[in-house]
Each structure stands twice: as C-alpha cells, then as structure tokens.
4 protein chains.
Amino acid sequence: MVILGAFTMDKNEILKQVSDMWSKVPFNNLLGIYITKFDHQETEIRFDWQDKLVGNHVQKILHGGVTASALDFAGGVVAAANIIENIDTLDITKLTQSLNKLGTIDLRTDYLRPGRGEQFIITAKIIRSGSKVAVARMEMHNEKGEHLAFGTGTYMVG
Amino acid sequence: MVILGAFTMDKNEILKQVSDMWSKVPFNNLLGIYITKFDHQETEIRFDWQDKLVGNHVQKILHGGVTASALDFAGGVVAAANIIENIDTLDITKLTQSLNKLGTIDLRTDYLRPGRGEQFIITAKIIRSGSKVAVARMEMHNEKGEHLAFGTGTYMVG
Amino acid sequence: MVILGAFTMDKNEILKQVSDMWSKVPFNNLLGIYITKFDHQETEIRFDWQDKLVGNHVQKILHGGVTASALDFAGGVVAAANIIENIDTLDITKLTQSLNKLGTIDLRTDYLRPGRGEQFIITAKIIRSGSKVAVARMEMHNEKGEHLAFGTGTYMVG
Amino acid sequence: MVILGAFTMDKNEILKQVSDMWSKVPFNNLLGIYITKFDHQETEIRFDWQDKLVGNHVQKILHGGVTASALDFAGGVVAAANIIENIDTLDITKLTQSLNKLGTIDLRTDYLRPGRGEQFIITAKIIRSGSKVAVARMEMHNEKGEHLAFGTGTYMVG
C-alpha cells in the first residue's frame, strides 16, 4: 500500500492516494468504477455502460449485482472519507489500519427502475456516524437523471 | 430467447434451458457463476475464486459486490424455479413472459466473514411465495463450509 | 367498515374516512398515532411521548419497536394514498378490497439517534410505485427537528 | 437498576435479573412480552394475543409494528446473552455499562403470513458476533407452528 511510506501528507493528499488505490482494486476496475467526489459530506462515484455488465439479454439492463456493487462501494467511500476527516492526527499508520478495518456489515438495495443508461452516477451520504459503526445512504441515477436505485449500508469503521 | 420456439417441453427440459440461458448472461459469465441445483424447494449456484473478483488487495478477499451479486442471482433462480413449478399449463409464451417480468425489488446482504475461499456455494429457498411477489433467503459458504454471508431478497414474479 | 356503505364520495371524503378508521385501529390508538397529512405525494403521521412507550428505563428513550411501528404505519398510509389516487373510478367496493389487501412485505428500520422527544413526526414518500408492489421511504424526527430514524418499506398494494 | 448493587453473582443469576428487569420495561410490559429462554446460543421470547395489538379490524391480525417490536427485542436479548457470556470477569459495573450501550443499529423484518394466533413465539440466534457489533436472525411462529415472520437485526454491543 503506497500510503504506508508517506509520513507527512495533508488530508487532500491522503484522499487522492486512497482514491487512486481504490480505482485499481480489481473488481472496481472490472466494473470501470471511479471516484468523482471524495468528501466526508457527500461522495460520488461513476461508471459507464459496458455490455459485459448486462443481467438481462432481452431487455439490455444492468445486472442487479452491478447496482449493489456500486452502491456498496459508494457507501464505503463516504465512510472512509469520514474516517479521514475525523482522524485527530495524521498518523498514516493508524489511518491505514482504520481503512483496512473498514468493512460492510449489511447492505440494503432498493431497485426502483430497470438499470438502463450510458453512465451511472452514485452519491453517498453518512446518516449515522460513530467511532465504530457508520451508516450511509446511497442513490444511483443515470445520465438522464432517472433515479434507478437506493441503498442503505452499515459499515464497520473502527 | 431459445425457449420461445419450443411448444412441448416438460418442466425438466424447461429448467435445463433456462439454466443454460442464465449462465450465458454476460455478468454471470464474468463472475463465472453457474447453476448446480435448480429446484423450487432449494436451488444452488457456485463460482470459483478469480483474482479479478478481489475487493481488497491487502487482505485478498472478495469485493462485497460479488457476494451481493451471487446472493441476488441465487434468489432470482429459486424464484424462477417456483414460477415454473406453479405454472398450471406449460404455456411457453406465458412462462417466458413471467420470466422476463422477474426482477429484484429489494435485497439485504449480511456479511458474516471475509470472503475467502477457493469455491463459493450459494443456496436459496423461498420463504414467502405468491402470485405477484416472492421472498427468498440465501446463504453463501466457501468450500470449507465456512458461512460467509446471508441474503434476503424480495422479487417480482408476476 | 363504514366506507362500504357509501356509494358516492370524492377522493377527499375517502381520505378522511380512511384516516379516521385507521386512527381507531387498536394498536395505533394505543401508540396515540394520528394522521396529519394524507396525500399520495407525501404523508405525515404524529404521536406524542407517553411513558408506556419506553424501551429503556435508565435512558428514558422510546422502545425500538415503537419507532418501527410508526415507520411501518406511515409507509402504509402513503401506499394507501397512492391506491386511492390511482384508482380509475371511485368504485368503493373495489377500493375497499384494495385497502384490505394492503400489507407490508418487508421493512428496514435504521436507528440514527436515541428516541427522545415530546412529539414524533414521521413523513413518508413513495419511491417505487406499481400496480402490485409499492416501496416507501420514511423519516422520523422529534419536535426539535432531530432526525431519529429512517425506514424503507415494501408494500403489497394490489 | 437492581443489578448495580450486586457484587458477586454467577452468570445464571445475572441472566435472571436482566430477564426480570426487561419484562418490566414499559413497552414490553404493554405487549405482554416475557423471556422464556435466555441463552447466548438461542434465546426465546413469547407473548399472547391481546385485542389491543390488532392492526387490522376486519381481518383481526397483529399490527406489523407488534411483530417488528417482538423481533427487535428478541434480537436484543440474544445480543445481551452474548455480552454476558463473553464478559471475562463478572464485573457488574462494566456489564451494566455494556448492557446500557446495547442498541439496535438496523432491523429488517420480513412478513411471511398474517399475524394470527393465540400465542407468538420468537427465537433469536447470533449470526455475526464481535466486540462492537453483533448481528442476529429472528423467527416468529404462532402456537400452531406457523411461520409468521423473519427478522435480521444489527446491534451495537460495545
């Protein structure tokens, strides 16, 4: 993990490095997901339509699992942004430990409309924060602004 | 859809065709998911470890979205098996319409242990059945029998 | 059910009668819940603090079940408002049948803060509507505007 | 809290006192809920039909909120049994602190059949345990063994 070697970084630098690292995670890379806003108040991720993400040949719509994956990741990103925001000292070792502990406890996905579009935009906000557990709400829209899915995720953060 | 051309098929033949069709769905194919038991009482699907499914480099564990995808699909399969089981006449056109309407309304995933293993086995059972909505419970284990995740999905079936 | 005897009522009259009827439902009555806004776009219900609703002596906070009950009911109310809104003719018999079929399929409650306050206000909106299933999102605040809980409910509506 | 004054108690004595205390919690008392098995591997609670728990006059079935309340409480009881089981020393002050911190983070209720019966039996098991968060699964049956509801709850335990 690149971040480990750094001893003096401000929060923006940390956010950038974590963001780069996460886009390279194999499954995020496979889905083509990238972080477009990494902030503790609201984060945003995006991915583009790819034929390999299809779950229904006939109707040409996203697999429900793609939607769940994107919602889960968006919630994790905003939870991470909150860990970084709330950390008292910029102790990189401690931060790395916290980010490695970050994990989804449970996730609810509500599918509102068929997953059609050219680009998918997922936003996430923290609705419950704490030193151990954070809860996030996520929304997924397509490039036309159609609301495709809602998500609620509970994350271990400490 | 291959199934449309067939006018006389027994239920086993239908199950086989639907099973083949679904393994070819692009995103299932990408995950390497295949159906190993397709029955209205319990269905089972499996997939093998692949490096591209990783969600955490350092810990080498599955992306939470892969788990959610597999649970969602397993629940959809058992819901489909129930549609096929309960259909009064083997009217292929009607069946095809029903299967095309099949969709996830909501999905809850509970992550119990980190997603480690060589093979992942997901079983699904119907806990609420109806002509319009079915609810399924899913479990994911690895090849050692370790229980990795629980799922609950609500599906539109009619 | 009073509503059955009426043959000519406009939608507002129907909403009023259903609202009265539901406030008299024994368990709603026990909790002291009443409908303050009954509209297909957003509904609102309220209840006041009562010592018998306590779930934790020491901390003097609402039982989690009270919160879940209120969220479930609020979602049901907005689902009913949508049934009434979308009904093509004001066929009271048909409407009554629809309202009797109305039932919760599943409900997720997210507890954000301890249930403290003098009055509790729950709002509900439909996020997925359909002829068979509707999904609603609910929020509970206290009289100070503190956000206490979120809910998501899936309802059978036809 | 009675438990505070006691300095030397074995686990069974603690379980008994906590059980007594919780049956007296106002809202549990209102519902008539009592603990019939208080064990870290499986706990069981029960309550009897009462007309005031009705959610639907016409069909004479339990309010969905009553079911959610019972499931939530059952999950909390098994989470508490695990806190008591895992506590290293029988330090009553520490235990009391832990039990006071116990709270529901989120709860999913799946309604399987209308809530009819003379007695309702709810069992709960831990599916994910940890020092900070525990996840429990709950089932509700009536006295005829009909399965009425499933629940999944995530609890703060430390």
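Since we're looking at a predicted model, the values are computed, not measured. (Residues numbered from 1 in each chain as written. Chains lettered and ligands numbered in written order. Predicted model: local features only at pLDDT ≥ 70, side-chain atom pairs only at ≥ 80, totals over all residues. Heavy atoms only, no water.)

A. Fine view of the confidence of the model for chain A. Residues and elements named next belong to chain A. For chain A, the average pLDDT comes to 89, and 92% of its residues sit at 70 or higher. Across chain A, element-level confidence peaks in strand β2 (residues 43-48) with a mean pLDDT of 98 and bottoms out in helix α4 (residues 92-101) with 81. Counting contacts from residues 1-7, a segment whose pLDDT is below 50, to residues more than four positions away or on other chains yields 15 contacts. For this predicted complex, the interface confidence score (ipTM) comes to 0.91, while the overall pTM stands at 0.91. (pLDDT = per-residue confidence, 0-100. Helix = DSSP H or I, 4+ residues; strand = E, 2+ residues; numbered from the N terminus. Contact = heavy atoms within 4.5 Å.)

B. Focus on the relation of the copies chain C and chain D. For these two chains of identical sequence, chain C goes onto chain D by a turn of 180° and a shift of 0.0 Å along the axis, with RMSD 0.0 Å. Interpreted geometrically, this transformation is the action of a two-fold axis. No C-alpha of chain C lies nearer the rotation axis than that of R108 of chain C, which sits 2.2 Å from it. Looking at the interface residues of chain C, 100% of them are also at the interface in chain D, so both copies use one shared face. (Least-squares fit on C-alpha atoms with pLDDT ≥ 70 in both.)

C. Representation of the interface of chain A and chain B in the model. At the junction of the two partners, chain A supplies 34 residues and chain B supplies 34 residues. Summed over the three residues of chain A that lose the most area to chain B, namely F27, H63 and Y111 of chain A, the buried surface amounts to 21% of that side. Joining chain A to chain B, the criterion identifies two salt bridges. The residue R108 of chain B makes a salt bridge to D106 of chain A at a minimum N-O spacing of 3.2 Å. (Buried area = accessible area lost by both parts, 1.4 Å probe. Salt bridge = Lys/Arg side-chain N within 4 Å of Asp/Glu carboxyl O.)

D. Focus on the environment of K101 of chain C. Residues and elements named next belong to chain C. Among the secondary structure elements, K101 is positioned in helix α4 (residues 92-101). Accessibility expressed as a relative area gives 49% for K101, which makes it partly exposed. Considered as a pair, K101 and K24 are 77 residues apart in the sequence and their alpha carbons are 19 Å apart. Residues within four places of K101 in sequence aside, it is in contact with M156 and G158. (Buried < 20%, exposed > 50% of the residue type's maximum accessible area, 1.4 Å probe, protein only.)

E. Examining the sheet that holds β2 of chain A more closely. Read from one edge of the open sheet, 12 strands run β1(A)-β2(A)-β6(A)-β7(A)-β8(A)-β5(A)-β5(B)-β8(B)-β7(B)-β6(B)-β2(B)-β1(B), paired in antiparallel fashion. With partners counted over all chains shown, the strands left at the sheet margins are β1 (34-37) of chain A together with β1 (34-37) of chain B, one partner each. Averaged over all neighbouring strand pairs, the angle between strand axes comes to 25°, with direction disregarded. Note that strand β5 (residues 103-111) of chain B and strand β8 (residues 147-156) of chain B share eight bridges and pair antiparallel. For L107 of chain B, the partnering residue across the bridge sits in β8 of chain B and is G153 of chain B. (Pairing = 2+ DSSP bridges. Axes fitted to C-alpha atoms, helices over the stretch in contact; angles between N-to-C directions.)

F. Broad picture of the sheet that holds strand β7 (residues 133-142) of chain C. The 12 strands are arranged β1(C)-β2(C)-β6(C)-β7(C)-β8(C)-β5(C)-β5(D)-β8(D)-β7(D)-β6(D)-β2(D)-β1(D) in an open sheet whose pairing can be described as antiparallel. Only two strands of the sheet have a single neighbouring strand rather than two, namely β1 (34-37) of chain C together with β1 (34-37) of chain D. Adjacent strand axes in the sheet meet at a mean angle of 25°, parallel and antiparallel pairs treated alike. As defined by bridge partners, strand β5 (residues 103-111) of chain C adjoins strand β5 (residues 103-111) of chain D across five bridges and the pair is classed as antiparallel. Opposite D110 of chain C, over in β5 of chain D, you have D106 of chain D as the bridge partner.

G. Spotlight on the pairing of β1 of chain C. Residues and elements named next belong to chain C. One ladder, built from three bridges, connects β1 with strand β2 (residues 43-48); its direction is antiparallel. In the strand pairing of β2, Y34 is matched with R46. Taking the residues between adjacent antiparallel strands as the criterion, β1 and β2 are bridged by five residues.

H. Broad picture of the pattern of salt bridges. Counted according to the given criterion, the structure contains 32 salt bridges over all chains. Of the charged contacts in the structure, one is a salt bridge between R46 of chain B and E44 of chain B, with a shortest N-O distance of 2.9 Å.

I. Main features of the packing of aromatic side chains. This structure, assessed with the given rule, holds 14 aromatic pairs over all chains. Ring centres of W22 of chain C and F38 of chain C lie 6.4 Å apart, and the angle between their planes is 35°; this geometry places the pair in the tilted category. Of the two residues, W22 of chain C is situated in helix α1 (residues 11-23) and F38 of chain C in the loop between β1 and β2; the sequence distance between them amounts to 16 residues. For the pair formed by W22 of chain C and F38 of chain C, the shared burial category is buried. One cation-aromatic arrangement involves R137 of chain B over F150 of chain D; the distance from NZ or CZ to the ring centre is 3.7 Å. (Phe/Tyr/Trp six-rings, centres within 6.5 Å; stacked < 30°, edge-to-face > 60°. Lys NZ or Arg CZ within 6 Å of the ring centre and 35° of its normal.)

J. Local environment of helix α1 (residues 11-23) of chain D. Residues and elements named next belong to chain D. An ideal rise of 1.5 Å per residue puts 18 Å on 13 residues; α1 measures up with 18 Å between its terminal C-alpha atoms. Taken together, the buried positions of α1 are I14, L15, V18, S19 and W22. In an axial view of α1, the angular spread of the buried residues amounts to 130°, which keeps them on one side of the axis. Tucked inside the fold, the buried residues of α1 contact α2 (26-31), β1, α3 (64-86) and α4 (92-101). (Expected span 1.5 Å × (residues − 1). Arc of directions from axis to C-beta.)

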